[in-house]
Amino acid sequence: MRVSFLISVFVLLSTISFLMAEPVGVSVPGSGEDGAVHIVYVDRPVEEEPEAFHIRTLASVVGSEDAAKEALIYHYKHAASGFSAKLTPQQVADLSQKAEVLQVVRNLQLHSGTAAADRRKNLV
């Protein structure tokens, strides 16, 4: 029951974020490529420390633990297990193929005020 509630909340928040968002490009450390911040939801083994698991998972696509630590922005450990990191499109594709990765979602920057409202009007 709790899992379905969390999934429903996640879908609702993702939809709202998508409708109000403006993508922002960022330089991905060590790649020389532009990328974006993504939230990576993982199925972490209970016995493994969250930060160590996140770094190991990310290191497998960015090349090293140092590069993973540099790309990492935040660890999610309570309501969901995952992390946010700066990723290129190829890194997103590679992570998405991993068995322990449940979902990779682009994090979109939200804006308030008339600029965001004007952008939404132009979509209609």
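The model shown is predicted, which means the values in this text are computed figures rather than measured ones.

(A) Region of interest: the nonpolar core. Val-40, Leu-58, Phe-83, Leu-87 and Leu-95 are the most contacted members of the largest nonpolar core, which totals 19 residues. Looking at this core, the elements that each hand over two or more residues are β3 (34-42), α2 (50-62), α3 (65-71), β5 (82-87), α4 (89-96) and β6 (101-106). The biggest single contributor to this core is α2, with six residues. Residues contacting Leu-58, with those up to four places away along its chain left out, are Ala-68, Ala-71, Leu-72, Phe-83, Ala-85, Leu-87 and Leu-95.

(B) Here's a closer look at the packing of α2 against α4. Where α2 meets α4, the axes come as close as 9 Å, and the angle between the chain directions of the two elements is 125°. The orientation of α2 with respect to α4, classified from their angle, is oblique. Our pair here, α2 against α4, has a crossing hand that is right-handed. Side by side, α2 and α4 meet where Thr-57, Leu-58, Val-61 and Val-62 of the first sit next to Gln-91, Asp-94 and Leu-95 of the second.

(C) Geometry of the pattern of salt bridges. For the structure on display, the rule yields two salt bridges. For Lys-77, the salt bridge identified is with Glu-51, shortest N-O distance 2.8 Å. With Lys-77 in the loop between β4 (72-76) and β5 and Glu-51 in helix α2, this pair connects stretches of sequence that are 26 residues apart. Overall, the relative accessible area of 23% leaves Glu-51 in the partly exposed class.

(D) Structural detail: α2. Over its 13 residues, α2 extends 18 Å from the first C-alpha to the last, a length consistent with the 18 Å expected when each residue adds 1.5 Å. Tucked inside the fold, the buried residues of α2 contact β3, α3, β4, β5, α4 and β6. Just beyond α2, the residue with positive phi is Gly-63, at close to 110°.

(E) Just the packing of aromatic side chains, in detail. Within the structure shown, the criterion is met by one aromatic pair. Each ring, one from Tyr-74 and one from Tyr-76, has its centre 4.9 Å from the other, and the planes form 65°; the classification is edge-to-face. Residue class for Tyr-76 comes out partly exposed when judged on its relative accessible area of 29%.

(F) Representation of the pairing of β4. Here four bridges tie β4 to β5, and the two strands are oriented antiparallel to one another. If you follow Tyr-74 over to β5, its bridge partner there is Ser-84. Counting the residues in the hairpin turn of β4 and β5 gives five residues.

(G) Representation of α4 in the model. The complete set of buried residues in α4 reads Gln-91, Val-92 and Leu-95. Summarising the axial view, the buried residues of α4 lie within an arc of 105°, below the 170-degree limit, and thus occupy one face.

Parameters at a glance
Residues numbered from 1 in each chain as written. Predicted model: local features only at pLDDT ≥ 70, side-chain atom pairs only at ≥ 80, totals over all residues. Heavy atoms only, no water. Core = buried A, V, L, I, M, F, W, Y, C linked by side-chain atoms within 4.5 Å. Buried < 20%, exposed > 50% of the residue type's maximum accessible area, 1.4 Å probe, protein only. Helix = DSSP H or I, 4+ residues; strand = E, 2+ residues; numbered from the N terminus. Contact = heavy atoms within 4.5 Å. Axes fitted to C-alpha atoms, helices over the stretch in contact; angles between N-to-C directions. Parallel < 35°, antiparallel > 145°, perpendicular 65-115°, else oblique. Left-handed = near helix turned anticlockwise from the far one by under 90°. Salt bridge = Lys/Arg side-chain N within 4 Å of Asp/Glu carboxyl O. Expected span 1.5 Å × (residues − 1). Phe/Tyr/Trp six-rings, centres within 6.5 Å; stacked < 30°, edge-to-face > 60°. Pairing = 2+ DSSP bridges. Arc of directions from axis to C-beta.

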